[in-house]
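Chains, contacts and geometry: an overview
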Amino acid sequence: MKAVKFGGTSMSTAEAVLEVKRIIESDPSRRFVVVSAPGKAASENKVTDMLIEVAASKADVRVELFAAVRARFAKILDGIGLGGNALDAEFEKIESELPSASYDYTVSRGEYLTAIMLAKLLDYEFADAAEFVKFERGAYDDVHTEKLCATALGKCRRAVVPGFYGSDENGNIVTFSRGGSDVTGAIVARAAGASVYENYTDVDGFMTCDPRIVPHASVIDILTYRELRELAYMGANVLHPESIFPVRKANIPIHVLNTFNGSAHGTMIVPTEDLLGGKYRRNKKMPITAIAGRQHFFSLYIEKSMMNSEVGFMRKVLSSFERLGVSVEHVPSGIDSMTVVFSAVDGETCNALIDDIKKEVDPDHISLTTDMSLIAIVGHGMRSRPGTAARAIMRLSNAEINLRMIDQGASEINIILGVSDDDFARALIALNGEFEV
């Protein structure tokens, strides 16, 4: 049995929805379906973006703005043969609640309506995620959800579930972060005991590098959960980074596929132990699986003689970041120095951070760099191939790219390199050429 999720692009037009229907009906084992709200199509905006505008507007104009959302669905409903009035009762119910509705309720209605629409088209049951995806004090409650979801889906032969949202202890709608339908799909896959979680999107799978920068990047046939986490953190946005946790607990593989390219084999994301144990084999035996990166970080270099002998020095520095609410990304250090890499913040916060650190540790020198890019070289094969870091450094040197930082994780499956924002694209191209991923 399979659980399958379709992203916003897959639900964006009547033609796309009919293709989704064909895909589901081509395999009877696709019993549980999770959907996103319709995405961008031609000149039409994403439905969720339209609903965000509704939610942010004054109460007396919300229904008027919602009319565009209703028209968008009516067009799709007509195109798939259900008739533009098929969801009138649902629209009227939502419109009656809009003036006093919460932000989360309003922006989640795209998924809600899409799931009802597809359930009607497929003659599947509609299973509202609000009944079994639970949040406690704003945080996702995995333990409670797992029990409720398994019970709810156990009563269904086939069902369509709206992604992106659940409800709290008071019954109020609560949403995941953007792209959270991926998480709902993983929750459903685990609760239903699926053999695989198929995630349909509009790309052929995860790429070895950003194809917008490296045009000859190729699709990765197999990734592990751990590699996915590293790549997702570095901006590979095919899947929501939190979507692996529910399925990882049950060792359910994720298969990323393209709704619009049936010939593409996609990317399988599998338990790390299964790949290393030989259950899965990659098409290419390379030390590097993929290279990914993100731009626009700041780095703070702190130097003080005898730093290594000063007990609590690093804790005091990091406490300054905590007090000012700044998230730390990496902390490479030496005997008398350390560098803290963090996401870009405003100038006022930077000045306050530097002043606080000066008070805490009285450094000999402190300097801020505001144009740092981080690049991750990811792959389980690095464990058995010495010299990977040396090859990367040499490649950047040959391309006349200054290396600002190098940090190898304890897991031995990633190396993080820091370069200037101006050198980011050239560094990705150079590294891709060296490792031929």
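Anyway, here's the lowdown on the structure attached to this text. Everything numeric here is computed off the predicted structure, so don't read it as measured data.

Okay, helix 14 (residues 424-435) next. Taking 1.5 Å of rise per residue, the 12 residues of helix 14 would be expected to cover 16 Å, and the 17 Å separating its terminal C-alpha atoms lies within 8% of that figure. Among all positions of helix 14, only Phe424, Ala427, Leu428, Ala430, Leu431, Asn432 and Phe435 are buried. Turning to helix 14, the residues buried within the fold contact strand 13 (290-303), strand 16 (365-378), helix 13 (388-398) and strand 18 (414-420).

For the coordinates displayed, the defined rule picks out 21 salt bridges. Here lysine 2 and aspartate 27 are joined by a salt bridge, their closest N and O atoms 2.8 Å apart. In this pair, lysine 2 sits in strand 1 (residues 2-6) while aspartate 27 sits in the loop between helix 1 (14-25) and strand 2 (30-35), placing the two residues 25 residues apart along the sequence. We note that lysine 2, like aspartate 27, is buried. The salt bridge partner of glutamate 360 is arginine 323, with a shortest N-O separation of 3.3 Å. Of this pair, glutamate 360 sits in helix 12 (residues 347-361) while arginine 323 sits in helix 11 (residues 313-323), placing them 37 residues apart in sequence.

One can find serine 167 in strand 7 (residues 165-167). Assessed through its relative accessible area of 2%, serine 167 is described here as buried. A polar side-chain atom of serine 167 sits 2.6 Å from the main-chain carbonyl oxygen of alanine 130. Of the polar contacts made by the side chain of serine 167, one reaches the side chain of lysine 134; its length is 2.8 Å.

So, about the pairing of strand 11 (residues 254-258). With 5 of 5 residues buried, strand 11 is to be regarded as a mostly interior element. Side chains Ile254, Val256 and Asn258 of strand 11 all project onto a buried face; the interleaved residues His255 and Leu257 project onto the opposite face, where all are buried too. Summarising the sheet, strand 9 (residues 196-201) and strand 11 pair through 5 bridges and their orientation is parallel. Bridge assignment links glutamate 198 to a residue of strand 11, and that residue is histidine 255. Bridge analysis of strand 11 against strand 12 (residues 267-270) gives 3 bridges, and the strand direction is antiparallel. Its bridge partner being in strand 12, histidine 255 is matched across the sheet by methionine 268.

Taken together, the side chains of Glu303, Asp336, Asp362 and Asp364 make up a negatively charged region of the molecular surface. By the secondary structure assignment, glutamate 303 is in strand 13.

What follows deals with the nonpolar core. Counting 91 residues, the largest nonpolar core has Phe6, Val33, Met117, Leu118, Val160, Phe206 and Ile269 as the members making the most contacts within it. Sequence-distant contacts of phenylalanine 6, defined by excluding residues within four places in its chain, comprise Met11, Val20, Ile23, Ile24, Val33, Val34, Val35, Ser36, Tyr200 and Thr259. Membership of the second largest hydrophobic core comes to 20 residues, among which are Val214, Met382, Leu417 and Phe424.

Taken in spatial order, the 6 strands make up an open sheet running 14-15-13-16-18-17, and their pairing is antiparallel. With one partner strand each, in any of the chains shown, strand 14 (328-330) and strand 17 (405-408) form the two edges of the open sheet. On average, each strand axis in the sheet is inclined to that of its neighbour by 40°, with strand direction left out of account. Of the pairings in the sheet, the one linking strand 13 to strand 15 (residues 337-343) comprises 7 bridges and is antiparallel in character. Across the sheet, residue phenylalanine 298 finds its bridge partner in strand 15, namely phenylalanine 342. Here helix 12 sits on the sheet in contact with strand 13, strand 15 and strand 16, set at roughly 110° to strand 16. Running over the sheet, helix 13 touches strand 16, strand 17 and strand 18 and is turned about 20° from strand 18.

Turning our eyes to something else, we now look at helix 4 (residues 88-97). Because an α-helix packs 3.6 residues into every turn, residues spaced three or four apart end up facing the same way. Every buried residue of helix 4 is accounted for by Phe91, Ile94 and Glu95. Taken around the axis of helix 4, the buried residues stretch over an arc of 100°, which confines them to a single face. Those residues of helix 4 that are exposed and angled more than 90 degrees off the buried face are Ala89 and Ser96. The secondary structure elements touched by the buried residues of helix 4 are helix 3 (62-79) and helix 5 (103-122).

Considered as a void within the structure, the second largest pocket measures approximately 330 Å³ in volume. In terms of lining residues, the second largest pocket is bounded by 14 residues, among which Leu275, Arg282, Lys284, Lys285 and Met286 are the most central. In the lining of the second largest pocket, the residues fall into 5 nonpolar, 4 polar and 5 charged.

Before going further, it helps to spend a moment on the sheet that holds strand 6 (residues 159-162). With mixed pairing, 8 strands are arranged side by side in an open sheet as 3-6-2-1-9-11-12-10. For this open sheet the edge positions go to strand 3 (125-126) and strand 10 (222-224), each flanked by a neighbour on one side alone. As defined by bridge partners, strand 2 adjoins strand 6 across 4 bridges and the pair is classed as parallel. Considered in strand 6, the bridge of valine 33 is made with valine 160. Its contacts with the sheet place helix 8 (residues 225-233) against strand 10 and strand 12, and it is angled at close to 85° to strand 10.

Once that is clear, we can look at the packing of aromatic side chains. This model, assessed by the stated rule, comprises 9 aromatic pairs. Judged by centre distance (5.2 Å) and plane angle (70°), the ring pair of phenylalanine 321 and phenylalanine 342 falls under edge-to-face. Here phenylalanine 342 lies in strand 15 and phenylalanine 321 lies in helix 11, a separation of 21 residues in the sequence. Phenylalanine 342 gets classed as buried once you look at its relative accessible area, which sits at 0%. The ring centre of tyrosine 105 lies 4.4 Å from the NZ or CZ of arginine 109, which sits over that ring.

Cut-offs used in this document
Residues numbered from 1 in each chain as written. Predicted model: local features only at pLDDT ≥ 70, side-chain atom pairs only at ≥ 80, totals over all residues. Heavy atoms only, no water. Helix = DSSP H or I, 4+ residues; strand = E, 2+ residues; numbered from the N terminus. Expected span 1.5 Å × (residues − 1). Buried < 20%, exposed > 50% of the residue type's maximum accessible area, 1.4 Å probe, protein only. Contact = heavy atoms within 4.5 Å. Salt bridge = Lys/Arg side-chain N within 4 Å of Asp/Glu carboxyl O. Polar contact = N/O pair within 3.5 Å; in protein donor to acceptor, adjacent residues only side chain to side chain. Pairing = 2+ DSSP bridges. Patch = residues over 30% accessible without salt bridge, like charges linked within 9 Å, V, L, I, M, F, W, Y side chains within 5 Å. Areas by Shrake-Rupley, 256 points an atom, 1.4 Å probe, with all protein chains shown as cover. Lys, Arg positive; Asp, Glu negative; His and termini not counted. Charge placed at Lys NZ, Arg CZ, Asp CG, Glu CD. Core = buried A, V, L, I, M, F, W, Y, C linked by side-chain atoms within 4.5 Å. Axes fitted to C-alpha atoms, helices over the stretch in contact; angles between N-to-C directions. Arc of directions from axis to C-beta. 1 Å grid on protein atoms, 1.4 Å probe; cavity = no way out; pocket = protein on both sides within 12 Å on 5 of 7 lines; lining within 4 Å. Points joined across faces, edges and corners; volume = space filled by probe spheres on them. Nonpolar A, V, L, I, M, F, W, Y, C, P; charged D, E, K, R; others polar. Phe/Tyr/Trp six-rings, centres within 6.5 Å; stacked < 30°, edge-to-face > 60°. Lys NZ or Arg CZ within 6 Å of the ring centre and 35° of its normal.

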